Structures are given as structure tokens and as C-alpha cells.
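The residues making up each chain are set out below.
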Amino acid sequence: MIMLPTPADNASMGPTLAATEASAPAAEPRVTRLLGERLELVEDLWQTVLRSECPPQQAERLLRMKELSGRIDGGAPDQASEAATAEIVQLIRDMDLAEAIAAARSFSLYFQLVNILEQHIEEDSYLASLGAHHADELNDPFVPPLASQTEPATFRELFSRLRGLGVPPAQIEKLLLELDIRLVFTAHPTEIVRHTVRHKQRRVAALIQQLQKSLLLNLDDRGNLRLQLEEEIRLWWRTDELHQFKPSVLDEVDYALHYFQQVLFGAMPQLRQRIRTALAANYPDVLPPSDAFCTFGSWVGSDRDGNPSVTPDITWRTASYQRQLMLDRYLAAVHDLRDQLSISMQWSQVSAPLLESLEMDRLRFPEVYEERAARYRLEPYRLKLSYVLERLQLTKQRNEQLAGAGWDVPHDPRPSQPDFAQGVMPAPPPPELHYATVDEFRTDLELINDSLQGTGLSCEPLENLIAQVHTFAFCLASLDIRQESTRHSDALDELTRYLQMPIPYGEMDEEQRVAWLFSELQTRRPLIPPAVQWSPATAETFDVLRVVHRLQKEFGSRICRTYVISMSHTVSDLLEVLLLAKEAGLVDPMAQRSDLLVIPLFETVEDLKAAPQVMERLFSTPFYRQLIASTSPTGKPLQELMLGYSDSNKDSGFLSSNWEIHQAQIALQRLATKHEVALRLFHGRGGSVGRGGGPAYQAILAQPSGTLNGRIKITEQGEVLASKYSLPELALYNLETVTTAVIQNSLVTSHVDDTPDWNALMARLAARSRSHYRALVHENPDLVGFFQQCTPIEEISKLQISSRPARRKSGAKDLSSLRAIPWVFGWTQSRFLLPSWFGVGAALQEELNADPEQLELFQQLYQRWPFFRMLISKVEMTLSKVDLDLAHHYVQSLGRPESREAFEEIFAVIAREFVLTRDLVLAITGHQRLLDGDPGLQLSVELRNRTIIPLGFLQVALLRRLRDQNRQPPMSEEAGKQDSRTYSRSELLRGALLTINGIAAGMRNTG
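It should be emphasised that the depicted structure is a prediction, and the values quoted were computed from it without experimental measurement.

### Quick notes on the overall build of the chain
Piece 1. Along the chain, the regular secondary structure elements total 40 helices and ten strands.
Piece 2. Out of the 1007 residues in the chain, the part that is buried amounts to 58%.
Piece 3. Of all intrachain contacts in the chain linking residues separated by at least 6 positions in sequence, the fraction that spans at least 24 positions is 82%.
Piece 4. Split by element, the accessible area of the chain, about 39900 Å² in all, is 52% carbon and sulfur.

### Digging into the nonpolar core
Piece 1. Phe-159, Leu-162, Phe-296, Tyr-330, Leu-392, Phe-441 and Met-615 are the most contacted members of the largest nonpolar core, which has 159 residues in total.
Piece 2. With sequence-adjacent residues up to four places away left out, Phe-159 is seen in contact with Ile-172, Ile-275, Ala-278, Leu-279, Asn-282, Tyr-283 and Ile-743.
Piece 3. Among the nonpolar cores identified, the runner-up in size contains 132 residues, and Leu-45, Leu-63, Leu-229 and Leu-993 belong to it.

### Remarks on the sheet that holds strand S1 (residues 180-186)
Piece 1. With parallel pairing, eight strands are arranged side by side around a closed barrel as S1-S2-S3-S4-S7-S8-S9-S10. Averaged over all pairs of adjacent strands, the angle between their axes in this sheet comes to 25 degrees, without regard to strand direction.
Piece 2. As paired strands, S1 and strand S2 (residues 294-298) are joined by five bridges and run parallel to one another. Pairing of Val-184 across the sheet is with Gly-297, part of S2.

### Quick word on the pattern of salt bridges
Piece 1. Inspection of every chain in the model, using the stated rule, returns 63 salt bridges.
Piece 2. Between Arg-680 and Asp-180 there is a salt bridge, with the nearest N and O atoms lying 2.8 Å from each other. Here Arg-680, found in strand S9 (residues 678-684), pairs with Asp-180, found in strand S1; they are 500 residues apart in sequence, far enough to count as distant. Each member of the pair Arg-680 and Asp-180 is classed as buried.
Piece 3. The residue Asp-595 makes a salt bridge to Arg-593 at a minimum N-O spacing of 3.6 Å.
Piece 4. We classify Asp-595 as partly exposed; its relative accessible area is 30%.

### As for helix H35 (residues 866-881)
Piece 1. Given a rise of 1.5 Å per residue, 16 residues ought to cover 22 Å, and the 23 Å separating the end C-alpha atoms of H35 matches this to within 8%.
Piece 2. For H35, the tally of buried residues reaches 13 of 16 residues, placing the bulk of the element in the interior.

### Observations regarding the packing of helix H13 (residues 352-364) against helix H15 (residues 380-405)
Piece 1. One way to put it is that H13 packs onto H15 with a least axis distance of 10 Å and a crossing angle of 45 degrees. Classified by the angle their axes make, H13 and H15 are oblique. Every pair of crossing elements has a handedness; the one defined by H13 and H15 is left-handed. Seen from H13, the contacting residues are Leu-354, Ser-357, Leu-358, Asp-361, Arg-362 and Arg-364; seen from H15, they are Pro-380, Tyr-381, Leu-383, Lys-384, Tyr-387 and Arg-391.
Piece 2. The residue makeup of the contact of H13 with H15, split by class, is six nonpolar, one polar and five charged.

### Brief notes about the packing of aromatic side chains
Piece 1. One pass over the full model with this rule turns up 39 aromatic pairs.
Piece 2. Ring centres of Trp-865 and Phe-867 lie 5.5 Å apart, and the angle between their planes is 50 degrees; this geometry places the pair in the tilted category.

### Quick word on the environment of Pro-353
Piece 1. Along the chain, Pro-353 turns up in helix H13.
Piece 2. Pro-353 gets classed as partly exposed once you look at its relative accessible area, which sits at 44%.
Piece 3. Sequence spacing of Pro-353 and Ile-448 is 95 residues, and the spatial spacing of their C-alpha atoms is 9.3 Å.

### So, the packing of helix H25 (residues 654-674) against helix H29 (residues 756-777)
Each packed pair of helices is defined by two parameters, the angle between the axes and the distance between the axes.
Piece 1. Relative to each other, H25 and H29 sit at 140 degrees, their axes nearing to 8 Å. Comparing the axis directions of H25 and H29 gives the class oblique. In this structure, the crossing between H25 and H29 has a hand that is left-handed. Judged by residue contacts, Leu-655, Ser-656, Trp-659 and Gln-663 of H25 engage Asn-759, Met-762, Ala-763, Leu-765, Ala-766, Ser-769 and Arg-770 from H29.
Piece 2. Residues belonging to the contact of H25 with H29 are distributed by class as follows: six nonpolar, four polar and one charged.

### With respect to unusual backbone geometry
Piece 1. Positive phi, close to 55 degrees, is recorded for Met-567, a residue that is not glycine.
Piece 2. Secondary-structure assignment places Met-567 in the loop between strand S4 (562-566) and helix H21 (571-583).
Piece 3. Despite not being glycine, Leu-833 has its phi angle at roughly 50 degrees, a positive value.
Piece 4. With respect to the secondary-structure elements, Leu-833 resides in the loop between helix H32 (820-829) and helix H33 (840-850).

### Examining the side chain of Lys-384
Piece 1. Structurally, Lys-384 is set in helix H15.
Piece 2. On the accessibility criterion, Lys-384 (1% relative accessible area) is buried.
Piece 3. If near-sequence neighbours (up to four positions away) are discounted, Lys-384 is found in contact with Leu-354, Ser-357, Leu-358, Asp-361, Asp-444 and Ile-448.

### Remarks on the confidence of the model for the chain
Piece 1. Of all residues in the chain, 87% have pLDDT values of 70 or greater, and the mean over the chain is 87.
Piece 2. Across residues 134-138, where pLDDT falls below 50, the model places nine contacts with residues more than four positions away in sequence or in other chains.
Piece 3. Low pLDDT (under 50) marks residues 413-429, which in the prediction has five contacts with non-local residues, meaning those over four places away or in another chain.

### Digging into the environment of Thr-48
Piece 1. Note that Thr-48 resides in helix H2 (residues 29-53).
Piece 2. According to the relative accessible area criterion, Thr-48 is partly exposed, its value standing at 27%.
Piece 3. Placed 182 residues apart in sequence, Thr-48 and Glu-230 show a C-alpha to C-alpha distance of 7.7 Å.
Piece 4. With sequence-adjacent residues up to four places away left out, Thr-48 is seen in contact with Arg-226 and Glu-230.

### Re the pairing of strand S7 (residues 597-602)
Piece 1. S7 sits mainly inside the fold: six of its six residues count as buried.
Piece 2. With burial as the criterion, each face of S7 is covered, one bearing Leu-597, Ile-599 and Leu-601 and the other bearing Val-598, Pro-600 and Phe-602.
Piece 3. Relative to S7, S4 runs parallel, the two being bridged by four bridges. Residue pairing for S7: Tyr-563 is matched across the bridge by Val-598.
Piece 4. Note that S7 and strand S8 (residues 638-644) share two bridges and pair parallel. Among the inter-strand pairings, Phe-602 is bridged to a residue of S8, identified as Leu-643.

About the criteria used
- Residues numbered from 1 in each chain as written.
- Predicted model: local features only at pLDDT ≥ 70, side-chain atom pairs only at ≥ 80, totals over all residues.
- Heavy atoms only, no water.
- Helix = DSSP H or I, 4+ residues; strand = E, 2+ residues; numbered from the N terminus.
- Buried < 20%, exposed > 50% of the residue type's maximum accessible area, 1.4 Å probe, protein only.
- Contact = heavy atoms within 4.5 Å.
- Areas by Shrake-Rupley, 256 points an atom, 1.4 Å probe, with all protein chains shown as cover.
- Core = buried A, V, L, I, M, F, W, Y, C linked by side-chain atoms within 4.5 Å.
- Pairing = 2+ DSSP bridges.
- Axes fitted to C-alpha atoms, helices over the stretch in contact; angles between N-to-C directions.
- Salt bridge = Lys/Arg side-chain N within 4 Å of Asp/Glu carboxyl O.
- Expected span 1.5 Å × (residues − 1).
- Parallel < 35°, antiparallel > 145°, perpendicular 65-115°, else oblique.
- Left-handed = near helix turned anticlockwise from the far one by under 90°.
- Nonpolar A, V, L, I, M, F, W, Y, C, P; charged D, E, K, R; others polar.
- Phe/Tyr/Trp six-rings, centres within 6.5 Å; stacked < 30°, edge-to-face > 60°.
- pLDDT = per-residue confidence, 0-100.

And the structure:
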């Protein structure tokens, strides 16, 4: 049996923490109706599948647990709630392991079906918003001003509002022509759902959508759809949710690229069309942004910070794989165009440039001419596209050869030396028949488009393809290299010791390092001798820069032109990479030109504070300014800087981290303006609030005025990819709202960030919050043990979900070695969600203790300052997901007896801070209950909070038994029982991991 505390034990879990909250107001009618209607379908499907797939008694017990969870009121538990909880506990106590696993799987399935349901509701709401507003409504004086608007705006709404505000066309056009939005997909967070299961989810989502739109079908057809849906969910039920093996880096590449194949490739032309249509309706004379105003990057296959599996060969293969995917898409699109463009020269004019290009193609491809000329003699567009297809095929063949050969094997089929011994001179090199650059391919397409337009025709598929080529090129997504700063300094130390320099690099102070690095950067003399046997780490550090150089030569600079240095602290951290890049041929000291943009990642609070001083030293150096000017397409110096949300939060807490990042942006922008440097800020946001996550629209609007200027770069991590990009309209919604937020923040300036009193207040709050957070997390000697024992962190590390280790240093058990992602994951699973709110209440209360009238100021800041509103809104959302009664159960059941007193003290500190933070957030927002301002989200969270309770109890029971098994030989659940059986550690671990899956699905969040 799975052992749990008796119902009487649960009474000791502490007083109800939300007993005074009032009942929720009625949710927004449309959201309530949609959720109610569709939830009924999901629950009916779920019940049908359980009854068909589980033994009858087991299915009824699982359905009973679901029914009981619906009776639990997490806000104000009453006698009925307590009775329901007690019965759930007893049901779990009576389960054997097999039934416990079935329960974990069933609730995981339920939550994943609800997630699909909510994605469709979000998608439908977006589609409704596209046609919901009229111009007179958009300019309604009672609509909140743009400077304080929090609801996402569509292109049409935004441009109409801007026109109403009198924003001049020239100002909008200037911004749009400089618009530069980059979304970077990453793989290192804990993406818990298998690729196979994601495929099942997409099938189910498509069938649900068909069923919801099939009201006009007859009953038989609707019945068939329903049967298909049930069958697909049953296939899903019989599919293993857990990864069978630890995914390789290339597995992660395949997973990330799926979103491009299935959704984004088709979505980008639609995004382009929507912004052009909205501009035409409101600013008809304004030029639209370039087709590449929104592009993509990737860390998958190139981020090697702490991941030994990412090698130069893997990065090369990733680039080849991405180009292969794009070439396949382009080949299919050009095939379709050739079928469509059957225009005859007898009935339509053809431009002279196109006819000239056909003559050139005839000379280069005589075989194609012989094969196709008779068929397409009077159909010039089809003939031209036949040549384009041939060149694409040759490009694909070359790509396959390069992928197989590897990055360190020069690809040159010609002999390197003439064979004079045979008396034969080598043949001249053949002309390149493949597309050496994407520009050549785009030129051919534009030649066809120009000819069509010259005769008054247009071809939407061709225009879409040209837009896709602008956006994705041949590389699909630019690869960002990332490496930790000490890898470069260690490599240079080994190099200088080999060279027997008077002072090895590792013994230089910062000033000596900077002077030596600048000196070496400006000389032509090679520094790294060839044919030396370096240590593996140093050899790989050198090779990474060499593979970047090779990638740029073969694929063009766009494939890999940025190098992120994690844990950047000093000026030398940047110069080290530039020096190694010079040795690899990426920096030309004489021309003062660089083909690599080096990006410092400032992660800790101390590094964020020191960032302006570091960049001041570099911007003041003419040589460095010339290097960053050479990387910019405009010729103006361009510096990209990355701000780390995850580690700064783990270091100092939520409020302090957000404030220091906010302040760093302002200081860095002022510095860049002073030195006439264009700044692009790269926000390393995670999926959870504890790592910078949350609604992107509000987060972008909360950026300090004047820091974006139409440029932003944002990471898209983990489960965020599935929630944002799994459905076409959902992807368009995210892309449109990110773009409108950037435009809005860049044009509608606000000076509230410059209010001295508000800044002084926030500085005090940040300092107090940081002190309170660090007192618990970093200064309490029992906190590490508390986290390891009272959360499933050790079991999370056993999930086969990432190619990256959970810790930066193997074997280390301290917090400094633990990555921010599993840190947040563990607190989320145990329902504390501590990194997203702890310390906020104490800081606010200390300010109120000094001056109780400050509450009115907090309320004003919440209404008037986007940054403060974003902070409080994120805290409110995460507090609504906290369940301290359940969290206390983790502490009591999983903490070892010798630590009980210390752990109870820690829990008491957390519980007091929760109540304080919740009460102050409610006072500031004016809400009666958390999330009263967003009834739809409130309804969703309350549904999940209730239904997830059985999974929490199941997880604790399995973790406790598993950890007991780890301390002694396998044993039966209850000795002396006739049906007792012995469970192995692997069986128990499997059950525990399945509950982790289910809770992650229910919380819609991992790390």
C-alpha cells in the first residue's frame, strides 16, 4: 500500500491560510461560457477513456478522486472541503503502486487536455479581437491611455490609437524601418513532455477543434469525429509519458525546429500581411517594416555553457540540419509555384531582365534546358523556376556532403595540387552552380515577382515565399554561441604558460589583463602556435571559434554571428573572446573589423550594478568602438547586452532582481546614448515568473522608456514553446502582441521611470527584499537540506528530459552549483513557488511601518507605473498558485526526524511571509481575492488548484517510500499482509516521476 498520514494527521498541517477571503466575483461571461462548454467535453472524454482503459473499480476510484477534488475550496476550506480531502487521502492510502501510477497518469492526462482546451480558447479570443473593435471604440476617451494599457493590442488597434494621439507618420516610419525583434529558442530548461506525446496532443487538439466547429455536420459525422477523438486519446493513454532515454542535443534540435516546420514558417507571411493591412488603414503613406523585422535565433546545439554534449561537431551538424530543413521547404514551395505560374508569352509580357537571366541559365544548365525547353518554350516563369529548382537541389546535395564531412574537413572536390608528374594541368574550377548565398536565391524570386508586377499581376504564394526567405534565409535561425567566462581565461592561462610569458595570464590582475589583451588584439602576429597538444577544455575553446569562422564562410555570417559570455564580470571577459576570435580569423586587427558580436551576460545583482562601468571602459576605447561599428549594418556602433533574470533571482530574490535589471537598463542606455552606440538588450527570460517569465506584452511595456528604440531580443524557453507556438493563431497572437508592445513602448514614452522619489522607494524595497530573501535562502544553514528533502529536486534530476546536467559542477550539493531552472522547478512542484514572491511582503511592510500612508502611494504606483504594476501582478499570479497546506504536507512527510524542528521554523517563516505578501498585494490592487482583475485566469487557476491536490498527496507518498527504499533494501509496503509485494526502486521512481509530469501539466510550468 502507498502510505499517507491518516486524516487526523492532516489536521496538524496548520491553519487555513486563506480563510478570510471572500468568494470570487463572476468571471468574464464569454470566458466562463467557453471554459464551461469545452470543459464539459474534456471531462466527458476523460471519463470515457478511463472507463475503457482501467479496471472498473479502479476507474470509479479515480473518478471519485476527481469528484472530491472539485469539492475542495482552497480559498476558504469548510467542513465539506476537509471531508473531501480526508477521503482523497484514504483513497490514496488504499492504493497499491500500480493504481497509484494509474492515478498519476490519469490526472496528468486530464491537465494536458485542459491545457489544449485553454490554448484553443486563447486562440479563439485572439481571432475575436481582430474584428471586435471599431475606430470610434478605439478612440473612446474612457479606454485606458496607451501609456498605462495592460491588455495586448492588435496592429489595427495600436495604429488607430497612435493616429488618435497624433503621432506623426514620419516618426512611425522611422521606427518601423529600424524594427528589430529577435526571438531565441532555447532547450536547456526542463521541457518535460516527450516529443511523441506532443505529437499526440497536436492530433487531439486538431480533432477537438474540428468537433467544436462541426455544428453544421449531421449527427453521424459528429459521432465519427467523437469516436476518432476517443481513439486518439486512448492511443495517448497507452503511450509512455516518460522519456525512454536522455535526449541528445540533436534530439533537442529536432524538437525545437518542429515549431518552425509546423507553425512559424507559415505564420510569418501572415504576420507581415497583418501589419501592412493595419498600416494601410491608418497610415497609408508609411512604409511597412522589412520582411525580416522579426527573426529567430536558437541556442539549441550551440549553447555549451555547462553542457559537455555540445561540441563543435554538434554545432556544425545543427547548422547543416537547419539548412536542410529550409531547403526542403523552399523546394516544395518552388514546385508549387511552377505548377501555378503557367503564364504564356503569347498572352502576357515578360520583363527583359527575366529573359536575360533565362539565357544565362541556359548556358549554365544545358541539361535542364534540353529537358524542359520544349515543354516550357512559351512559359518563361515555369522555365525559370525549373532552373531555380535545379540550383536548390545542388545546394541541398552540397549541404549533405558538408554535414557528412564535418566542420574540420575542408570541402573542396578539386585536387589541392596540380599533377605535374603526369604532365597534365588541372582543369579550371567549374563555376558554382548551387546557390552560394541566399541572396542569389532571393534575387531569382524577386526577378520573377518584378516581371509579374510589371504586367499588373501579383502572386501571393510567391510574395509569401520571398517574405519567408527574408525571415529565415537558408539558416532558419541564427545560432548564438554561449560559454562561461572562465573557460576563456583558463585557455589563455594555459596558452601563456606554454609560451613562457613572464607573467602567465592567470596571475595578471585586471588592469594587466586589459592592457595585454588590447595589445595582442591590435597586432597581426599569431598568438596560438599550431600542432600543440592542448588540454581537452582549451582545445575545445579554441575549436569553437574556429567552427564559427568555418560556419560563416560556408553558411554566411547570419548563421552564427553572436557569442554570449555567461557570468561576465569584467572588461577582460569580453576582450578574451575577441582575442580568441582574432586567432580564428574572425577579427581583422588592421582593418579594425570583426565578424563576431561579443555579448556579455550580466547575471548576478553585483554584475548588473557593475555593468555600466564595464561597458564605459570599452565604449571609451576607439579600437573597440570601431570593432562594434563593423558588425552593424548601419555602420553605427551596435552593442548587444544580455540581462540574466534566472541567476539574479536565485541570488537576490524576485523584487531585487527585477529592480536591478530595470536600473541596469536605464544606466546602460544612458551610457550608450552618451557614446552614440546603438543598444540591443537581450532579455534572458524563462518560462516561470521566478526566471523572468509572465505575459510578454506587459513585460515589454514595463521596460524603461527609451531603452528599446524598436530593438529587443528575448529567449523563449522550455514549455513556453508549446504554450505559444503549438497552434498557428496562437503563434500569430504571440508574435503580434510582442511586436505591438515593442512599437508601443518605443513611441509612447513615459517619464515615470525618472521620478526620483519613486526610484528611491524602489531602491529601499529592493534592498529590504534582498536582505530578507538572502537571510532565508543563503544564510540559513538548514535551507539546502530543506530544499533537498521537502521538494522532489533529486528525483527531478533523474528525469530524462534534457541533455544538460541539473548542476553546473558534478557532485556539488550547494545552491551555487544548482542551475536556476531546477531550483524553480523544485519549489513549483511542492507548491511553494518561493522564488517568485518571497521577500516582497517583508519589504513592503517595513516601508509601511515607517510611514503607514505609503499604502496610498503603492496604490498609485500600481495604477500609474507599468514597472510596479508588472511586479505586483506577477506576484499576485504566483501567490494564487501557492498551496501552503499541501506544501506543509511535503515538509512533514519528507523531512527527516532529526531536521523536523529546523524545517518547521523555516516553514513558519515562509508561511508568515506568504500571508503578509498576499494581504499587502490585495490592499495595493484593491482586490477582494487574488486575480479578481483577471476573472478568466482566476477561474483557470482555481480549477487547477483543486484538481491538482490528489497528485500532490500521491507524489509525497511515492517520494517517501522511494527515499526509504534508498536507505534500505527493497521491502514490501506493509509486512504481514497476504497481498503485500516488494517494489523495486525503479518502480517507485517511475511512479514519482509520473507525478512530476502531472503536476507540471497542472501548473502549466516547470522551471
